[in-house]
Amino acid sequence: MTDDVKTAQGPDRRAVLGAGVGGAVLAAAGLPLLGAATAAAATPVAGSGAGRVPDAAWHRYVQAPSGRTVRPVRIVRSAGDVTRPDALLRPGGQVTVLRRPEPPAPPRWPDGTTAEGSTTHAGNNGGDGRPRTYDARHAVDGDLDTFWNDDTERSFPDTLTVTVPEALALSGLTVVSDTDGVPTDFTVDAWVDSDWRKVAAVTGNSAVQRAVRFDAPVSTARVRITVTSTQDLGQGVFTRINEVWPEAVDPVVAPSVTLDFGKVVVGHPKVDFASASGNNPGVRLAFSETLQFLTDRSDFTRNDQAGGASKGTDQYAVPAGGAEWTDRKGYASGGDKVYADGLHGFRYVKITLDALPSDAPAAQPWGTVAVDAVSLDFTAYLGTPESYRGWFLCSDEELNRYWYGASYTNELVVDTFREDDVDPRGAFSASLDGKLVLHDGAKRDRDPYVGDVAVAGRTLYLTHDDAAEAARNVLADLAEHQRADGWIPPASINQYTLPLFDYPLWWVTCSWDYVLYTGDKDYAERYHPQLVKVLDTWYPSVTDDAGLLSKGLNGTSGYGDYAFLGRTGRITYYNANYVQALKDAARMAEHVGHDADAERWRERADKVAQAVNTHLWDEAAGAYLDSATGAVRHAQDGNAIAITSGVAGAERAASALAHLDATTKLRYGNAFMDNDTLFGGASQRVYAFTSYPEFVARFESGLADSAIDQIKRTYGWMDSHDPGITHWEGIGPNGSLYEGAYTSMAHGWSTGVLPALTHQLLGARPTSPGYAAWEVRPFTGSVRWARGELPTPHGPLRVEWEREGDTFTLTVRAPRGTRGAVALPTDGGRGATVRSGGRTLWRDGRPAASGVRLDSGRVTVSALAPGTHRFTLTREG
């Protein structure tokens, strides 16, 4: 690896617990001291003895580049006439040269030749805003920029018949297709002796220019191409044929080099061209997060969504003297030629000496180009070891990788909101322009969705809380665009009008999260009116006579949700989320002195929870229904959030989790539905977004090893498959990319493994705004030790624990200005002795000191003051 992409390492620059820490006391108003923390108590315990790991050990898991200039790490492949492709990995020395001869003029059909398609797509304004038609005649007009497009999407066969005025002797032909819509399987028939005779068959084609040689030469006046399959690159599955030539013409392989940056990166690509021939040779760049979807076009371009004409690649016409080109959005010639899309999220880039026919003469698909270097100007948050303000480490190597993979995934989406690289479908907003935000994905949609912030925000607060403004900017902006009836938009897309039913609830929860982690009281006060309006005006307008949210009321039948699912009526997910939002709103209202609002919302949360248990529990399945109407199914989202929001008691929580175990378990995670009655393949789809609350539910239900198993199946699959490290938007059947090339492979909403490991496995979390109060309640499972720091406005909260035989040791270092509690895993306190600072706190099943109690089967010590506290729990018998 080059210096720019290797794992950053270096000396630990953070304060660590040392022998000089002392004087911390366990004290509270009216409670005696439980003993001063000693130097020994301050010594890190995780990984003690021979297996002890130094604090800086977590640095090796950090994935971000060490600087803003990122270079490729290897050459995947080269094709055609390419000299010294490896020189691209060593800038400033030798250069890589791509050569391509000028192609001869293609063969033409005789005058009077006609073509007829089985169907023809209606004309429109095409990808460039200019009127276009898609008649079959385009396949024989000699213009590579026009094409025949059938009108039966995903329906085959499609036929194209070419008729000449007089019989021709043909030994083959050439099919030139569009870069999206390449016919993969087709046959060629010739009209001979008053009947169709098959003369060729092609399967598995991926070439845009495919020479087809006949089994034997024929003399014919008609040939018919029958297409039975085409490529699916997410732009509509149609047959598209630009030209048919009356000879088999093998293409001259376009010289290309495919580079690997080692992991997904995001920013503006840069190419240093040393020189070029004098004919304006074109260079086209295609980007992809995976090799599977790396073709001659990018796996996603904003230009496609905006109706552009780039055919999925970024293009540049290289001047004879060379140039240093930074890929930025816009046209480089004449306002309609040689287009570049700008910022990209990708792992692989394919550089090809080629140009669109429509770009001539501004760019030509032949000539010579010498390239000195390729790099990327990394635009996202740069998460080096020095920038981390919270970290995590445990005895399980896999969990460590997933935690830092989540952090890096999230860093890729913390970026500046810029008009040139956000979703072109009406997402630009002057109110966000130039601000730091949390986008949903690195490559797309690059728009701040509040549902994504629900997970990505927590990940950010636990790793780089100095960038918490990225979440605040999004939340505040959406609040400022609240609709008159109280509904809050999910994102800026479609000028803040995309109708989602669940995302206003996520705005409430995300707002509380932001206040809880940062202590920003001003935000809570400023946006309390929006909180009141969304909970007391809009959601009551979609509430039925049972007190449950019911999608379809008040004109909401067409509203979507996080997965644009066709769910209507009483849905457990919406209502469990409603309970959580009401509880979170009450805590935020109470924080700023609106006690009456808080009391009203808590009462409503209790009523909604009761209604969910009355109307949406399926006794036969032992789980919550996805919907009260229609086919019977049970969803991960509703069941998991019913548990985490407190709707489900312990018995129902255990039953629901057992049902999910029995019906949704896959080798790549847990599916988000237990059957396919909602849509085909639903029981094979995994969302890390909805898996996160299930992880939490399993930990909190005392099923730590079950949670860890689900984490390892979900994130282990993503970690071990291309592109590696980063976390996918969704996983489809058999572990595939659930939306093909369109799938985002670095998506902030999929990073829930990080807060789950910090809050549940390590066990530390805030319990009042700004960590004024905190709790440490570890769910250890089979993990032997864990340690970490949580960034707080008061300084780091340091936690470490270790299990060794019958002894469990927990050390907490709390910053000034905070108080907290620890809850030790004691199996109901039976046969356990707890000591701290030389004092016995628990023995023989009962407390031995003030401020100690049994809570939910754990020995809990409250009112811990700032400083270092060490607890040793010994199990006997």
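Within any chain, residue numbers begin from 1 and follow the written order of that chain's sequence. Local features in a predicted model are, by the rule used here, given only for residues with pLDDT of at least 70; side-chain atom pairs are given and counted only at 80 or more, and totals for whole chains, interfaces and linings are based on all residues. Here the side-chain values reflect all heavy atoms present in the structure, with hydrogen atoms and water set aside.

Visitor: Would you mind going over the sheet that holds strand β29 (residues 764–766) in detail, with residue names and values included?
Guide: Taken together, 5 strands build an open sheet; the order of strands is β29-β30-β34-β39-β38 and the sheet is mixed. Of all strands in the sheet, those bounded by a partner on one side alone are β29 and β38 (852–855). Pairwise comparison of adjacent strand axes, ignoring direction, gives a mean angle of 25 degrees for this sheet. Pairing between two strands is assigned when DSSP locates at least 2 bridges connecting them. Labels follow the DSSP assignment, with helices taken as runs of H or I lasting at least four residues and strands as runs of E lasting at least two, numbered in each case from the N terminus. For helices, the fitted axis covers only the stretch in contact; all axes are lines through C-alpha atoms, and the angles between them, taken along N-to-C directions, range from 0 to 180 degrees.

Visitor: Before we move on, can you summarise the environment of Ala-427 with the specific residues and values?
Guide: Counting through the fold element by element, Ala-427 comes out in the loop between β21 (414–416) and β22 (436–438). Residue class for Ala-427 comes out buried when judged on its relative accessible area of 1%. With 66 residues separating them along the chain, Ala-427 and Ile-493 place their C-alpha atoms 3.8 Å apart. Relative accessibility under 20% of the residue-type maximum defines a buried residue, over 50% an exposed one, and the middle range a partly exposed one, all with a 1.4 Å probe and only protein chains included.

Visitor: Before we move on, can you summarise the packing of aromatic side chains with the specific residues and values?
Guide: Given two aromatic rings, one states the distance between the centres and the angle between the planes to describe the pair. Pairing of aromatic side chains here covers Phe, Tyr and the six-membered ring of Trp, requires ring centres within 6.5 Å, and sorts the geometry by plane angle: under 30 degrees stacked, over 60 edge-to-face, intermediate tilted. Under the defined criterion, the tally for this structure stands at 44 aromatic pairs. Geometrically, the ring pair formed by Trp-58 and Trp-391 is stacked, given 5.8 Å between the ring centres and 5 degrees between the ring planes. Here Trp-391 lies in strand β20 (residues 391–394) and Trp-58 lies in the segment before β1 (69–70), a separation of 333 residues in the sequence. For Trp-58, a relative accessible area of 0% puts it in the buried group. Judged by its relative accessible area of 2%, Trp-391 falls in the buried class. Lying across the ring of Trp-191, Arg-222 places its NZ or CZ 5.2 Å from the centre. Either the NZ atom of lysine or the CZ atom of arginine qualifies as a charge over a ring when it sits within 6 Å of the ring centre and within 35 degrees of the ring normal. Just above the ring of Trp-196 sits the side chain of Arg-224; from NZ or CZ to the centre is 4.5 Å.

Visitor: A description of the side chain of Asp-447 should follow, citing residues and the corresponding values.
Guide: Here Asp-447 lies in the loop between β22 and α3 (450–463). Buried charge without a salt bridge: Asp-447, with Arg-425 as the nearest opposite-charge side chain at an N-O distance of 7.7 Å. Here a polar contact is taken to be a pair of N or O atoms separated by no more than 3.5 Å, where protein atoms must pair a possible hydrogen donor with a possible acceptor and residues adjacent in sequence count only if both atoms sit in side chains. One polar contact links the side chain of Asp-447 to the main-chain amide nitrogen of Ile-493, over a distance of 3.0 Å. The contact definition used throughout considers only heavy atoms, calling two residues in contact when any of these lie within 4.5 Å. Ignoring anything within four residues of it in the chain, the contact list for Asp-447 reads Phe-417, Asp-423, Ala-427, His-439, Asp-440, Ala-491, Ser-492 and Ile-493. The convention is simple: Lys and Arg are positive, Asp and Glu are negative, and His and the chain ends are not counted. Any carboxyl oxygen of Asp or Glu that lies within 4 Å of a side-chain nitrogen of Lys or Arg is treated as forming a salt bridge with it.

Visitor: Give a description of the pairing of strand β18 (residues 344–353) that names residues and reports values.
Guide: Where burial is concerned, most of β18 is hidden: 10 out of the 10 residues are buried. Alignment of strand β12 (residues 256–276) against β18, held across 8 bridges, turns out to be antiparallel. Paired with Val-257 across the bridge in β18 is Ile-351.

Visitor: Before we move on, could you go through the pattern of salt bridges and cite the residues and values that matter?
Guide: Within the structure shown, the criterion is met by 52 salt bridges. Between Glu-789 and Arg-798 there is a salt bridge, with the nearest N and O atoms lying 3.7 Å from each other. In this structure Glu-789 comes out as buried when scored by relative accessible area, which is 5%. One continuous salt-bridge network, built from bridges that share partners, spans Glu-700, Arg-765, Glu-775, Arg-777, Arg-853 and Asp-855.

Visitor: How would you sum up the nonpolar core? Please name residues and give values.
Guide: What we call a nonpolar core is a set of buried Ala, Val, Leu, Ile, Met, Phe, Trp, Tyr and Cys residues that are connected through their side-chain atoms within 4.5 Å. In this structure, Trp-507, Tyr-562 and Leu-810 are the most contacted members of the largest nonpolar core, which totals 172 residues. Within the second largest apolar cluster, 40 residues are counted, among which are Val-266, Trp-325, Ala-340 and Val-371.

Visitor: Any chance you could break down helix α12 (residues 650–664) for me, citing the residues and the numbers?
Guide: The end-to-end C-alpha separation of α12 is 21 Å, in line with the 21 Å expected for 15 residues at 1.5 Å each. By the burial criterion, the buried members of α12 are Ala-653, Ala-656, Leu-657, His-659, Leu-660 and Thr-664. Along the axis of α12, the buried positions cluster into a sector of 155 degrees, meaning they face one direction only. Exposed side chains of α12 directed beyond 90 degrees from the buried face belong to Ala-650, Glu-651 and Ala-662. One fewer than the residue count of a helix, multiplied by 1.5 Å, yields its expected span. Working definition: the arc comes from the directions between the helix axis and the C-beta atoms, pointing outward to the latter.

Visitor: Kindly report on the environment of Asp-440, identifying the contributing residues and their values.
Guide: With respect to the helices and strands, Asp-440 occurs in the loop between β22 and α3. Classification of Asp-440 by relative accessible area gives buried; the value is 3%. Setting aside chain neighbours within four positions, we find Asp-440 in contact with Val-413, Asp-445, Arg-446, Asp-447, Tyr-449, Asp-452, Ala-746, His-747 and Gly-748.

Visitor: So, the confidence of the model for the protein: which residues are in play, and what are the values?
Guide: If pLDDT is low for a region, its predicted coordinates should not be looked at in detail. A residue's pLDDT is the confidence the predictor assigns to it, expressed on a 0 to 100 scale. Confidence in the prediction for the protein averages 92 pLDDT; 93% of positions are at 70 or higher. Confidence drops under a pLDDT of 50 for residues 1–53, and excluding neighbours within four residues, the segment shows 135 contacts in the predicted structure.

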